[in-house]
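Architecture and fold: a report
So the chains spell out like this:
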Amino acid sequence: QVRLVESGGGRVQNGGSLRLSCLASGRFFRIIYMAWYRQAPGKERELVATSSLGATTTYADSVKGRFTISRDNAKNTCDLQMNSLRPEDTAVYYCNAAIWMSSLRDRNDFWGQGTQVTVSS
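We now turn to the structure provided with this report. (Residues numbered from 1 in each chain as written. Predicted model: local features only at pLDDT ≥ 70, side-chain atom pairs only at ≥ 80, totals over all residues. Heavy atoms only, no water.)

Side note on the state of the cysteines
If you walk through the whole model with that rule in mind, you get 1 disulfide. Each disulfide pairs two cysteine sulfurs, and for Cys 22 the partner residue is Cys 95, the sulfurs being separated by 2.1 Å. The disulfide joining Cys 22 to Cys 95 has a torsion of about -80 degrees about its S-S bond and is therefore left-handed. Here the residue Cys 22 occupies a position in strand β3 (residues 18-25), and Cys 95 occupies one in strand β9 (residues 91-100), the gap between them amounting to 73 residues. With a relative accessible area of 0%, Cys 95 lands in the buried category. (Disulfide = S-S within 2.5 Å. Helix = DSSP H or I, 4+ residues; strand = E, 2+ residues; numbered from the N terminus. Buried < 20%, exposed > 50% of the residue type's maximum accessible area, 1.4 Å probe, protein only.)

A few points about the pairing of strand β8 (residues 77-82)
Within β8, 5 of the 6 residues are buried, leaving the element largely enclosed by the surrounding structure. Sheet topology note: the β3/β8 ladder contains 6 bridges and is antiparallel. Residue Leu 18 lies in a different strand from β8, and its bridge partner there is Met 82. Here strand β7 (residues 67-72) runs beside β8; their pairing, made up of 6 bridges, is antiparallel. By the bridge assignment for β8, Ser 70 is matched with Asp 79. In this structure, the hairpin formed by β7 and β8 is closed by a connection of 4 residues, where Asn 76 is found at a positive phi of approximately 55 degrees. (Pairing = 2+ DSSP bridges.)

As for the nonpolar core
Burial of nonpolar side chains together is a common tendency in soluble globular proteins. Counting 30 residues, the largest nonpolar core has Trp 36, Val 48, Phe 67, Leu 80, Met 82 and Tyr 93 as its most contacted members. At the level of secondary structure, the elements contributing two or more residues to this core comprise β3, β4 (30-39), β5 (46-52), β7, β8, β9 and β11 (115-120). If sequence neighbours within four positions are ignored, Val 48 has contacts with Trp 36, Tyr 37, Arg 38, Thr 58, Tyr 59, Ala 60, Val 63, Phe 67, Leu 80 and Tyr 93. (Core = buried A, V, L, I, M, F, W, Y, C linked by side-chain atoms within 4.5 Å. Contact = heavy atoms within 4.5 Å.)

What about the environment of Met 101?
Mapped onto the elements, Met 101 comes out in the loop between β9 and β10 (107-111). Along the sequence, Met 101 and Gln 1 sit 100 residues apart, while their C-alpha atoms lie 9.9 Å from each other. The residues touching Met 101, leaving out its near neighbours within four places in the chain, are Val 2, Arg 27, Phe 28, Phe 29, Asp 106, Asn 108 and Phe 110.

Everything listed here is a matter of geometry and, on its own, says nothing about what the molecule does.
Following this line, the structure appears as structure tokens:
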């Protein structure tokens, strides 16, 4: 069974930085892409950043220039460096991965349990 485990959340002041990490463990063939989502209280879950097999990255407009997503394919990890944090970045952040389970490229999607990020003004 594949598991995604996030770490690195916490509380920071306006303008501060945090680094989130996501580790994929278990038996699988290859990770297709990894992404970070977030969900603030009373709001829908939104896509924050993605990193594909070819290392192509995408970002939500609200975090461009402040957040950086990176992957270590050898370690099956994906980090999200968050700088210049704002109170509106407060949310539970979730790691998401699309994974080929075998060489047959049978795909499954997985989610982590979430990690809280709180930015105080």
